[in-house]
Amino acid sequence: MIQNVGNHLRRGLASVFSSRTSRKSTSRADGDGAMTDGQGYRNPTEVQMSQLVLPCHTNQRGELGVGQLLKWIDTAACLSAERHAGCPCVTASMDDIYFEHTISVGQVVNIKAKVNRAFNSSMEVGIQVASEDLCSEKQWNVCKALATFVAHREITKVKLKQITPRTEEEKMEHSVAAERRRMRLVYADTIKDLLANCAIQDNLESRDCSRMAPAKKTRVESVELVLPPNTNHQGNTFGGQIMAWMETVATIAASRLCRAHPTLKAIEMFHFRSLSQVGDHLVLKAIVNNAFKYSMEVGVCVEAYRQEAETHRRHINSAFMTFVVLDADDQPQLLPWIRPQPGDGERRYREASARKKIRLDRKYIVSCKQTEVPLSVPWDPSNQVYLSYNNVSSLKMLVAKDNWVLSSEISQVHLYTLEDHKFLSFHMEMVVHVDAAQAFVLLSDLRRRPEWDKHYRSVELVQQVDEDDAIYHVTSPALGGHTKPQDFVILASRRKPCDNGDLYVIALRSVTLPTHGETPEYRRGETLCSGFCLWREGDQLTKVSYYNQATPGVLNYVTTNVAGLSSEFYTTFEACEQFLLDNRNDLAPSLQTL
């Protein structure tokens, strides 16, 4: 279910909206993306909001209240979604938000929002928030957010037009948005699996045990009556207003634990489950679920009812917020520990620990830059969703790069190179007379790769993680003057298209497994980002591209081929084409599952 939000005629918001001029694109846009006043390409969905922080917007420390900021974020994002959809939009979910900087009274909040990708009736909107000091001209990044909006019409069903990305940044966001959507859909199952398969423990040795607070003493309950100023033109409550009310009760609950003024540092991914309207009574309940040395998680639940006599309440939303208490030097202070209530309190206590782990996985696996990712990451069933996400999104971001250079072409096989930061990447490309789904099945099973790639001596399936992810142990002959053969432990993640015109993806990256450590007979190799991308070019016609971000272990071999001193790349890719042609008629049972 979903919650209605953001009306650009919202009362009380003295806002300035303007279209954002983004980076210049090498290709000029048509229609909605036309050049404007000679200033360069303009994304037609981008909206910019600037707000001056007044005393009425601030908390007891003279800083902008996060609840007010959430209202502005919600409004800007909804305006962007409605600009693309051409009709009212409602908020379905909000991803994790991490607040990096506080905003003081007198400063300006600059919010930019644009639609990253449209699906059937939903859209992912990306939001960037920065603060600006008008006196010193300094600017700070405050947070980034990703929201999902759904186009909403009372009578007819909405079918959204697709976004056409033009700049490199837009192509990356558009491509990765599908993977982020997949991750949102499995979030609840990820929590359940972690609780079922992992022993959640809490170390109390370093806690301040001289202070202990029963969780029930942090409980807060508050009721709000939804009035017309809290709603949009359809009479549904603004999602940003509900988020602001939730932040208020969560702050009170956190204050009851720490006996100080806490600072909100993060909001967990959450979903709106149903609508609320004018005349509804919203009951907001908050309680501290767990305290982790320097941070605490507060859970907030929102329910709605119309009349006092009603026994059934509609569940509007639940969210989890992380607070810290900062000292005079902005350093987090030690927190007392929580004694959970029996039953549901103990369940919430354990789930808070699970969410903390998943939150850290998302932050440091999903959000880290490609240059900061280690070559091999430890495989852990509890974070498999995020390792798979990182695997696929890294390859999609490599594909979306604009500065690929054609190095050579032999027999309709093209070799491209990319020098970016400290990486040398290459990709091979050809068109084969095989259906894209057939090529996808053949190439995604690494056990068949030795049939055409002499660099794969043997492949063992170590673990079939799920339908789309598997871990393989691969052995390879010696390369680049080394006398010892190599072995790899590889996570293979495959993805089918989610829209017409989308690509098939087979992403590969190294992981470490305790059962498959390094051995004396092999030199352990690693791959950071590689794999296949397939595009359907027509009936029985597929463009096949192989991408590889060269690691130090194979750099000499790669540069030898790129420089034209060896033709092994071409020979291997031609063998791949022949393999696809020879086996394209043997896949009827496998193709039924696609």
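Residues numbered from 1 in each chain as written. Predicted model: local features only at pLDDT ≥ 70, side-chain atom pairs only at ≥ 80, totals over all residues. Heavy atoms only, no water.

> I keep staring at the overall build of the protein and nothing clicks. Help me out?
Summing up its helical and strand segments, the protein has ten helices and 27 strands in all. Taking all 594 residues of the protein together, 55% fall into the buried category. A separation threshold of at least 6 residues defines the contact pool for the protein, and within that pool the share at least 24 residues apart is 71%. (Helix = DSSP H or I, 4+ residues; strand = E, 2+ residues; numbered from the N terminus. Buried < 20%, exposed > 50% of the residue type's maximum accessible area, 1.4 Å probe, protein only. Contact = heavy atoms within 4.5 Å.)

> What's the story with the pattern of salt bridges in this structure? I'm lost.
Should the charged atoms of two oppositely charged side chains come close, the side chains can pair. Tallied over the full model, the rule gives 28 salt bridges. Residue Glu124 pairs with Arg184 through a salt bridge whose shortest N-O separation is 2.7 Å. Of this pair, Glu124 sits in strand β7 (residues 122-132) while Arg184 is found in helix α2 (residues 168-185), placing the two residues 60 residues apart along the sequence. In this structure, Glu124 and Arg184 share a single accessibility class: buried. Ionic pairing is found between Glu303 and Arg313, a salt bridge with its closest N-O pair at 3.9 Å. Taken together, the residues Glu303 in strand β14 (residues 295-305) and Arg313 in the loop between β14 and β15 (314-324) connect sequence positions ten residues apart. (Salt bridge = Lys/Arg side-chain N within 4 Å of Asp/Glu carboxyl O.)

> Is there a simple way to think about the nonpolar core in this case?
Nonpolar side chains in soluble globular proteins generally cluster together in the buried interior. Counting 74 residues, the largest nonpolar core has Ile127 and Met296 as the members making the most contacts within it. Structurally, this core is a two-domain feature, drawing no fewer than three residues from each of domain 1 (43-197) and domain 2 (211-370). For Met296, the contacting residues outside a window of four places in its chain are Ala254, Leu257, Cys258, Val288, Asn290, Ala291, Met321, Thr322, Phe323, Val325 and Leu335. Counting 36 residues, the second largest nonpolar core, distinct from the first, contains Tyr456, Ala492, Val544 and Leu580. (Core = buried A, V, L, I, M, F, W, Y, C linked by side-chain atoms within 4.5 Å. Domains from an automatic or database assignment.)

> I keep staring at the environment of Cys576 and nothing clicks. Help me out?
With respect to the element layout, Cys576 can be found in helix α9 (residues 568-583). For Cys576, a relative accessible area of 0% translates into the label buried. Put simply, Cys576 and Glu451 are 125 residues apart on the chain and 8.7 Å apart in space, counted from C-alpha to C-alpha.

> Which parts of the structure should I look at to understand the layout of surface pockets?
A probe as big as a water molecule, rolled over the atoms, marks out the empty space that is left. What the second largest pocket holds in volume is close to 820 Å³. Forming the boundary of the second largest pocket are 27 residues, of which Arg273, His315, Ser318, Phe320 and Arg355 lie nearest the centre. Among the secondary structure elements, those contributing two or more residues to the lining of the second largest pocket are α2, α3 (187-197), β12 (270-271), β13 (281-292), β14, β15 and α5 (344-366). Examining the composition of the lining of the second largest pocket, we find that five residues originate from one element, α3, more than from any other. Class assignment of the residues belonging to the lining of the second largest pocket gives a composition of 13 nonpolar, five polar and nine charged. Taken domain by domain, the makeup of the lining of the second largest pocket includes at least three residues from each of domain 1 (43-197) and domain 2 (211-370). (1 Å grid on protein atoms, 1.4 Å probe; cavity = no way out; pocket = protein on both sides within 12 Å on 5 of 7 lines; lining within 4 Å. Points joined across faces, edges and corners; volume = space filled by probe spheres on them. Nonpolar A, V, L, I, M, F, W, Y, C, P; charged D, E, K, R; others polar.)

> It is not clear to me how unusual backbone geometry should be interpreted in this structure. Could you clarify?
With the exception of glycine, most residues fall at negative phi, and the peptide bonds are largely trans. In this structure, Lys293 takes a positive phi of about 55° despite not being glycine. The backbone of Gln540 sits at a positive phi, close to 60°, despite the residue not being glycine. As for its placement among the helices and strands, Gln540 is situated in the loop between β26 (530-538) and β27 (541-549). Taking the relative accessible area as the measure of exposure, Gln540 reaches 34% and is therefore partly exposed.

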